[in-house]
Every structure is written in structure tokens, then in C-alpha cells.
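# Breakdown of the fold
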Amino acid sequence: MRLVTYRAHVESEARLGALVSGIGGDFVLDLETFGEEMGVPFPSTMLEFIDLGPQAVAIATTLIEQADGLFPLGTAIPFANVTLLAPIPRPRKNIFGIGLNYTEHVAESAKSLDTSPELPRQPVIFSKPPTSVIAPGEPIRHNGEITQQLDWEVELAAIIGTKAKGVSRENALAYVFGYTVCIDMSARDCRRAGQWIYSKGQDTYAPMGPVVVTADEIPDPQTLDLSLTVNGVTKQSSNTAFMLFKVDELVADISKGITLEPGDIIATGTPAGVGAGMDPQEWVWPGDVIEATVEKIGSLTHSIIKA
């Protein structure tokens, strides 16, 4: 299932929807309203839906399949008439970021930044606050008083669906609700004493979306192509197969010491091709456009504007 958070009108509240096909084209099916019509109490937000557990996905999927494109009046809105928000507009806590998780990115970072050329023996974990999240298409703000080195990173993000504490790698993917696309914007000149949160956690530095694809549709997250362009020129192109620490390893590792809860987000790292690794180095500036794509999920397109 492909889930979204959307607004039907500029001033309307954020709602939970599922992307569906019906007579006349593609629609966003409002799950709460659809559930009412079908006698099933679905919530109106993504986080509340995740809280219901895996059975909610199974029930909603079955009901949508049974409808066979014929949805009750007032439950489905033409896709062209809605505005997509970040799937989780306001995460409950910081996003878990994973640094240096692709071999070639380790090498390029060592050349241009103060990171080690040796492959990490354990996942390198940082965080991005909830205030860094923005919706698909919302502009990324470039504050020239803070940074002259604004960089890009395309990432697969995994969303936790079930409370995970000390889980094994073998069982770890069972705790994942679904996947989305994240752009990890990074002000390379804002690192402080080796700490990354101010560099990576500024407002608008975590574009996310456009959808959440539930885990049942991506049984193996290590087979996905991912890429990023700047002004139409490809900068990053790789596959999640080249992660040093796979999604199951990341869930297992983090959960050893930090309880993962429903709705938690893990941005799983970026491949080579970031601006800091170019020769000469490249950065984005107001007027530039970034497009990030992850196979089976979709694309995010964002303009850079002056803060």
C-alpha cells in the first residue's frame, strides 16, 4: 500500500490517505472516511495508523482490493486536487541518521572532510530534529549567514512500525512499517567539534516523501536504485545493495541501546556523489533544484531559496 499525508484544501487539516486507481484515474482515498463507510475505524493521521500495528495495513489493503476501484462517494479525491505533506509531518522524536554507510562515500568523505578513510565497524549515528522535516516540493532554505557549503544526500528512510528493543538482525525487518525517500541536506561548514546535528538538523534540511510504501511491498530493501540530480545533472546513482550496514542491521544495532518506537525514522545513509566529494567541490545555492529518487517509492523535487 502507498500511504500519504495530504491536504484537500490550503486551510484544511492534514489527513491520512492511500493512493489508489479508480474509474477516471488516480485518487487519494481518505482512509478514515473510507473506514467509516466500510464499518472499520481507521484514524486520520499516519502516526495513529502506524500505532495500530501490522493488522491495520492488512485490513485496509483487503478492503481496498475488494472495492476494485469503486469507492464510496466522498471517500476518494482526484490526486491532482490534493497537496501532499511529509508522510509524518512532525515526527515524535529526532530522525536517526546514519553516516558513512556506503563504501565509496566513506572514501570521498575522507578526501574532503575530516572523517576516517577506514570503513566503520559500527553504524555511525547522528540525528535530525523534527523541525527539519518539510513536505514534497517545499523549498529548502539557504541561509548565507550560516553556510556557504550546502550539500545534498539522497537516502532511503525506514519507518518503524512496532516497538523494538534488543531485536535480532534475523527478525529486525518485521519491525519496519514501511519506507520513504529522504534528502539529508548538510551544511558542511556547520559541523562543530566533529558533531553533525547543527550541520544536518537545520530547518528544511529533511525533505521527506512523497509516500510511504508499506513493508509488504518492499520485502527486500537492499535491492533499490537511488539517485539524485542537481539542475537535471546526475550527481548520485547507486543501489541500496551497497550499504555497509543493511536496514536489518541498523534496526538491530540501534535497538540494542535505544528503544525504537512506532513512527521512528531511520535515514539509512547516502552513496557517493555528494558535493563535498567533487573536485572542485560543488554546493547548492538559491535558484538550484534538487530531485531525489528511490526505486519503488518515488521522487522528491525541491528548489533552493534564500532564507
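Residues numbered from 1 in each chain as written. Predicted model: local features only at pLDDT ≥ 70, side-chain atom pairs only at ≥ 80, totals over all residues. Heavy atoms only, no water.

## Quick word on the overall build of the chain
Put simply, the rule is: In this description a helix means any DSSP run of H or I spanning at least four residues, a strand means any run of E spanning at least two, and both kinds are numbered starting from the N terminus. To get the radius of gyration, use the C-alpha atoms; to get the globule rule, take the number of residues to the power 0.38 and multiply by 2.2 Å. The rule is simple: take the accessible area with a 1.4 Å probe, protein chains only, and divide by the maximum for that residue type; under 20% is buried, over 50% is exposed, in between is partly exposed. Whether two residues touch is decided by their heavy atoms; if any such pair falls within 4.5 Å, the residues are in contact. With residues, only the protein chains shown are counted as cover, and all accessible areas are computed by Shrake-Rupley using a 1.4 Å probe. Think of it this way: Lys and Arg go in the positive column, Asp and Glu in the negative one, and His and the chain ends go nowhere. The atoms used to mark charge sites are NZ of Lys, CZ of Arg, CG of Asp and CD of Glu.
Tallying secondary structure elements over the chain gives six helices and 19 strands in all. Against the 2.2 N^0.38 benchmark of 19 Å for 307 residues, the chain shows a C-alpha radius of gyration of 19 Å, consistent with a compact globule. With 307 residues in all, the chain has 54% of them scored as buried. Contacts in the chain between residues far apart in sequence, at least 24 positions, make up 75% of those at least 6 positions apart. A total of about 13,300 Å² of accessible surface is found on the chain, and carbon and sulfur atoms cover 51% of it. If the 22 positive side-chain charges of the chain are averaged to one point and the 38 negative ones to another, these points end up 7 Å apart.

## Concerning the nonpolar core
The condition that has to hold: To define a nonpolar core, start from buried Ala, Val, Leu, Ile, Met, Phe, Trp, Tyr and Cys residues and group those joined through side-chain atoms within 4.5 Å.
One finds Tyr179, Met185, Val251, Ile266, Ile290 and Ile297 to be the most contacted residues of the largest nonpolar core, which totals 50 residues. Not counting residues within four places of it along the chain, the set of residues in contact with Ile266 comprises Phe96, Ile98, Leu156, Ala157, Ala158, Ile160, Leu250, Val251, Ile254 and Leu260. Residues Leu3, Leu31, Val57 and Val133 belong to the second largest nonpolar core, which totals 35 residues.

## A word on a nonpolar patch on the surface
The cut-off we apply is this: Residues enter patches when they are more than 30% accessible in relative terms and free of salt bridges; like-charged ones are connected within 9 Å and nonpolar ones (Val, Leu, Ile, Met, Phe, Trp, Tyr) within 5 Å. Salt bridges are defined as contacts in which a side-chain nitrogen from Lys or Arg sits within 4 Å of a carboxyl oxygen from Asp or Glu.
Taken together, the side chains of Ile146, Ile197 and Tyr198 make up a nonpolar region of the molecular surface, amounting to roughly 230 Å² of accessible area. Along the chain, Ile197 turns up in helix 5 (residues 197–200). Given a relative accessible area of 42%, Ile197 falls into the partly exposed group.

The quantities given are spatial measurements derived from coordinates; they are silent on function.
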